[in-house]
Each structure stands twice: as structure tokens, then as C-alpha cells.
Amino acid sequence: MKNLLFITSMILLSFVSAHASEENTEIEVAFTVADIFPNGLIDSGEFDIYNLKTFESLDMDGSASLDREECANDCFPANVNIDGSPGVIRYPFRVLDANKSESVTAAEYLSHSRKQFRVYDDDKNDSLNKDEFYAFYQGLKDRTYIADKQKE
């Protein structure tokens, strides 16, 4: 089943990549892959699956945890536009590492993503529409604050 989901995601990825606008291609592809039951909304279950797949792709050494190096450049998008200006969002590793073990487990990553789901669900309908997902993907709320106020 896991392989079927991955293959389906890859097929969707190639289809969407060919048809998405240049500016938002990466976000549009991510939204389409996360919207497993394609209805234009990502519910909490779909969001969990999306984040678990993201975690698996970041876990380069297959250790079932992320160390600082694995997370340094890829845990969150680096190049974002805020108010039309490009910038870099940094998200402290320590926020993901809830138990301060110097590694982030899938449970920690998923727990954090569930908190973010609630933050980005602006209309509180228990799902993310494209605009809400785009804001999550670019880190326009909590991550911007942390990048501005705290340094690792």
C-alpha cells in the first residue's frame, strides 16, 4: 500500500509539474500530492501522511530520526517571499526536538506538524485550502516570528 501511494504521488507529481505555473510549481505540486482525496482541501489525515512522507524523505541515513545535519537545509523551505521580497526562513532545530535528544523522531515531527495544522487552519474548518497550505509551506506565521526573534 505504501508503495502504491508513493507511485501515485510520483505520477501526480509529474502530471502537475508539467501544468503548474512556474512561480508556484513546487507549492502546487506539494498541495496536489498532499490532497490525496482530490477535493481542494487537505484534512488532518492527509496532512499527517504528507508530513510523514516528508520526514521519510529527509531521513537520508534511514535512522528513523533526523539529526541537525539532515534538518539544517531541508526541514523547511529556505527561499520564500514575504510581502513580495525574497527571504530565508530559519526554524530552530530545538523547536522540532521536543525531548532535546539532539534528534527528531517521526513522532516529534508529526506532533509539531499537527500544531502547525491548527495554526494555519485560519477558517477552523479542520482542513487546509490552497491559500492556507501555501502559507504553511512558506512558513509565513510561526516560522517568520522565530526567524526574526530567535537565532540558533
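Up top is the structure these notes are about.
Residues numbered from 1 in each chain as written. Predicted model: local features only at pLDDT ≥ 70, side-chain atom pairs only at ≥ 80, totals over all residues. Heavy atoms only, no water.

(A) Layout of the nonpolar core. Residues Ile42, Phe47, Tyr50, Leu128, Phe133, Phe136 and Tyr137 are the most contacted members of the largest nonpolar core, which totals 15 residues. In terms of residue count, helix α7 (residues 130-138) provides more of this core than any other element does, five residues in total. If we skip the residues at most four places from it in the chain, leucine 128 touches Phe31, Gly40, Leu41, Ile42, Phe47, Phe117, Tyr120, Asp121 and Phe133. Core analysis: the second largest hydrophobic core is formed by eight residues, Phe55, Cys71, Leu96 and Val104 among them. (Core = buried A, V, L, I, M, F, W, Y, C linked by side-chain atoms within 4.5 Å. Buried < 20%, exposed > 50% of the residue type's maximum accessible area, 1.4 Å probe, protein only. Helix = DSSP H or I, 4+ residues; strand = E, 2+ residues; numbered from the N terminus. Contact = heavy atoms within 4.5 Å.)

(B) The environment of glutamate 108, seen in detail. In this structure, glutamate 108 sits in helix α6 (residues 106-120). The exposure class assigned to glutamate 108 is buried, which follows from its relative accessible area of 9%. Here glutamate 108 is in contact with Leu96, Asp97, Ala98, Asn99 and Ser103, once residues within four sequence places are set aside.

(C) The pattern of salt bridges, seen in detail. Under the defined criterion, the tally for this structure stands at three salt bridges. Its salt-bridge partner being glutamate 56, residue lysine 53 comes within 3.8 Å of it at the nearest N-O pair. Here lysine 53 and its partner glutamate 56 are both found in helix α3 (residues 44-58), three residues apart, which amounts to about one turn of the helix. On the basis of relative accessible area, lysine 53 is assigned to the partly exposed category, the value being 26%. Note on glutamate 56: relative accessible area 39%, which makes it partly exposed. One salt bridge connects glutamate 102 with arginine 68, and the closest N-O pair in it is separated by 2.8 Å. Residue glutamate 102 is located in the loop between α5 (93-96) and β5 (104-105), and its partner arginine 68 is located in helix α4 (residues 68-72); the two are separated by 34 residues in the primary sequence. Of the residues examined, arginine 68 reaches a relative accessible area of 37% and is grouped as partly exposed. (Salt bridge = Lys/Arg side-chain N within 4 Å of Asp/Glu carboxyl O.)

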